Amino acid sequence: MASKSYSFGFVGLGNMGINMAVNLSTYAAEHGLPKIHVWNRTPEKAETLATGHCQVASSLKELALSCDIVHGCLANDEVALLVYRELFAANKTEAIYVDHSTLFPTTSKALYEEAQKHGVHFLSCPVFGPPAAAKSAGLLIALSGNDDSREIVKEYIVPAMGKGVIDCGVKTSDGALLKILGNNCILGTIELLSESFTLAEKTGFDVNLFYDFIQQWFPAPAWVNYGKKIRDGSFSGRTGFTLPGGMKDADYIRRLGAETSTPTPIIDQAWSHLTTAKAIGGPGLDWSSCAAGMRVTAGLKPFKGEDFSLDHQANDEMNGANGN
Ligand SMILES: NC(=O)c1ccc[n+]([C@@H]2O[C@H](COP(=O)([O-])OP(=O)(O)OC[C@H]3O[C@@H](n4cnc5c(N)ncnc54)[C@H](OP(=O)(O)O)[C@@H]3O)[C@@H](O)[C@H]2O)c1
């Protein structure tokens, strides 16, 4: 297998990246490959991996020069441009950069073009699935870019990080485009679940029975996982997808709609509910808190399980400071 001779790196150890990096390091260890080089803006997260088959890089340049294939999972377009430009500048000839961030298609295209100028390759490789799926290597992975590089990455990415690959071909921006189209479905599902659970509660129907229906009739991950979070009001973003990330993806969908004269009314509504949720509970909430925004419009309290309201969080902090 071609990957036997490669040295891997991973940059961006957030909720998704840290799980993917651990799986890549496990794969490297099991296949007798060198320790993978890891880097994160907040270095403490990288240091937590140092006990495994990972080596912490002190800089992006050091990581780039040590690796043949570098995976990345970064917050947004701006951050991806910043980080990859620094990596490309190391001019590690023929290195392959495999990006798992959700980026706007023109950003992926720009990175592909910049990579070429440095004699390196850039693949768009966004993923479907929450951090739990990243942890269990259960992601669905989109992949696009240069033919040879795609073939190399396809040799190990399943099973190392995911359960399936959708090969979108040679046009780098197509992987990013599929991810945005997919997220249109996922955020649309969250919006519909928010409305349906709110309606169920307002009619006095047992929401557990309603969730039973969801599980039996819509047994797809987005329906089942987000349905449970919305039923329970489990909106912590610590192990999910935080509102700034979710709103960034909603922006991408609306921007694609604007650029192609395609109305996106469901996502426009979701955007409004996400904004309300952020105003009430802050940016640390999971994007399933779209339901909190919806609940408010129907005259319900935003939170029914844990109270995520900013007032409550401030009280908690004050009590903590007082030793209560
Ligand atoms: N969470 C999900 O369910 C999910 C699912 C599929 C795809 N995605 C996509 O995957 C990507 C990461 O998502 P996530 O949930 O893992 O986000 P996250 O937990 O917020 O992690 C973001 C990563 O970007 C880094 N970063 C942020 N600003 C930076 C800067 N100025 N310079 C360098 N690094 C910076 C963060 O470093 P620090 O640790 O220092 O903050 C962290 O490593 C996003 O593009 C998202 O759209 C997320």
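Residues numbered from 1 in each chain as written. Predicted model: local features only at pLDDT ≥ 70, side-chain atom pairs only at ≥ 80, totals over all residues.

A look at the domain arrangement of the protein chain
Per the domain assignment, the segments making up the protein chain are domain 1 (2-170) and domain 2 (177-320). For domain 1 and domain 2, the distance between their C-alpha centres works out to 29 Å. Counting residues at the interface gives 13 residues for domain 1, matched by 14 residues for domain 2. A class-by-class count of the residues in the side of domain 1 that touches domain 2 yields 10 nonpolar, three polar and no charged. (Domains from an automatic or database assignment. Contact = placed C-beta atoms within 7 Å. Nonpolar A, V, L, I, M, F, W, Y, C, P; charged D, E, K, R; others polar.)

Overview of the environment of Tyr 97
Structurally, Tyr 97 can be placed in strand β5 (residues 96-99). C-beta crowding within 10 Å serves as the criterion here: with 28 such atoms nearby, Tyr 97 is assigned to the buried category. Among residues more than four places away in sequence, those in contact with Tyr 97 are Val 70, Gly 72, Tyr 84, Leu 87, Ala 115, Val 120, His 121, Phe 122 and Leu 123. (Helix = DSSP H or I, 4+ residues; strand = E, 2+ residues; numbered from the N terminus. Buried ≥ 20, exposed ≤ 12 C-beta atoms within 10 Å, placed from the backbone.)

A look at the site of the ligand
Near the ligand you find 25 residues, and of these Gly 14, Arg 41, Thr 42, Thr 102 and Phe 241 are the closest. Elements supplying a minimum of two residues to the shell around the ligand: α4 (77-88) and α12 (243-259). No other element matches the three residues that α4 contributes to the shell around the ligand. When its residues are assigned to classes, the shell around the ligand shows 12 nonpolar, 10 polar and three charged. Of the residues that make up the shell around the ligand, three or more belong to each of domain 1 (2-170) and domain 2 (177-320). (Near = placed C-beta within 6 Å.)

Let's talk about the sheet that holds strand β9 (residues 162-167)
Spatially, β7-β8-β9 is the arrangement adopted by the three strands of the open sheet, whose pairing is mixed. Single-partner strands in this sheet number two, and they are β7 (127-128) and β9. Pairing geometry for strand β8 (residues 139-143) and β9, over five bridges, is parallel. Bridged to Leu 143 within β9 is Asp 167. (Pairing = 2+ DSSP bridges.)

Quick look at the sheet that holds strand β3 (residues 54-56)
An order of β3-β2-β1-β4-β5-β6 is seen for the six strands of this open sheet, with the pairing classed as parallel. Taken across any chain shown, the strands that pair with only one partner, and hence form the sheet edges, are β3 and β6 (121-124). Sheet twist, expressed as the average angle between the axes of neighbouring strands with direction ignored, equals 25°. Bridge count between β5 and β6: four bridges; the pairing is parallel. Bridging across to β6, Val 98 finds its partner in Leu 123. (Axes fitted to C-alpha atoms, helices over the stretch in contact; angles between N-to-C directions.)

Structural notes on the nonpolar core
Ala 21, Leu 24, Val 38, Val 70 and Tyr 97 are the most contacted members of the largest nonpolar core, which has 89 residues in total. The greatest single-element share of this core, amounting to seven residues, is contributed by helix α1 (residues 17-30). Built from parts of two domains, this core gets at least three residues from each of domain 1 (2-170) and domain 2 (177-320). Excluding anything up to four places from it in sequence, Val 70 contacts Gly 9, Val 11, Leu 63, Ala 64, Leu 87, Ala 95 and Tyr 97. (Core = buried A, V, L, I, M, F, W, Y, C linked by C-beta atoms within 7 Å.)

Details of the environment of Gln 313
Considering the arrangement of structural elements, one finds Gln 313 in helix α15 (residues 310-321). Taking the number of C-beta atoms within 10 Å as the measure of exposure, Gln 313 has 14 and is therefore partly exposed. Separated by 31 residues in sequence, Gln 313 and Gly 282 have C-alpha atoms that sit 9.6 Å apart.

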